[in-house]
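# Summary of structural features
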Amino acid sequence: MTPKDIYAMSDKALAAEVGQRIDQLRLEQNITQEQLAAAVGVTEKTYRRLVDGGGKFETLIAVLRVLGQLELLDRFIPQSTFSPLQLSKLKGKERQRASGKRGAAAAVAEAKQELDW
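Source: prediction; values computed, not measured. (Residues numbered from 1 in each chain as written. Predicted model: local features only at pLDDT ≥ 70, side-chain atom pairs only at ≥ 80, totals over all residues. Heavy atoms only, no water.)

### Comments concerning the side chain of T59
Here T59 lies in helix α5 (residues 57–66). Setting aside chain neighbours within four positions, we find T59 in contact with V42, T46 and L50. (Helix = DSSP H or I, 4+ residues; strand = E, 2+ residues; numbered from the N terminus. Contact = heavy atoms within 4.5 Å.)

### Remarks on the packing of helix α3 (residues 33–40) against helix α4 (residues 44–51)
Where α3 meets α4, the closest approach of the two axes is 8 Å, and the angle between their N-to-C directions is 105°. Regarding the angle of α3 to α4, the classification is roughly perpendicular. Each of Q33, E34, L36 and A37 in α3 lies in contact with α4, whose residues at this interface are E44, Y47 and R48. Looking at the contact of α3 with α4 residue by residue, the class counts come to three nonpolar, one polar and three charged. (Axes fitted to C-alpha atoms, helices over the stretch in contact; angles between N-to-C directions. Parallel < 35°, antiparallel > 145°, perpendicular 65-115°, else oblique. Nonpolar A, V, L, I, M, F, W, Y, C, P; charged D, E, K, R; others polar.)

### Re the nonpolar core
I22, L36, Y47, L60, V63 and L67 are the most contacted members of the largest nonpolar core, which totals 13 residues. At the level of secondary structure, the elements contributing two or more residues to this core comprise α2 (11–28), α3, α4 and α5. For I22, the residues in contact, after removing those within four places along its chain, are Y47, L60, V63 and L67. (Core = buried A, V, L, I, M, F, W, Y, C linked by side-chain atoms within 4.5 Å. Buried < 20%, exposed > 50% of the residue type's maximum accessible area, 1.4 Å probe, protein only.)

Structure, rendered in structure tokens:
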């Protein structure tokens, strides 16, 4: 699948694709849905929901753990690393959270105060 194909798919379609790939991993290891669900500690219905593109992220992680495929998570979202130079520039400026719209809202409130007579 190319990046262009991925961006053309809906979120639901992408989730279903991930589910199909997980089910393929299960089949390659010759494990039944019942066996995998029992090993994960969920019902077969919960496993089928995951394969259909639903379910919880925690269930996905548990399934990958049972299948011995946790390294796929690292490829899914690799840990980003900074060079020592970048780290020294960022020291003391490490972000703890996103600013969101607060900055924009404060600017609008300040502008309104300036306009009030």
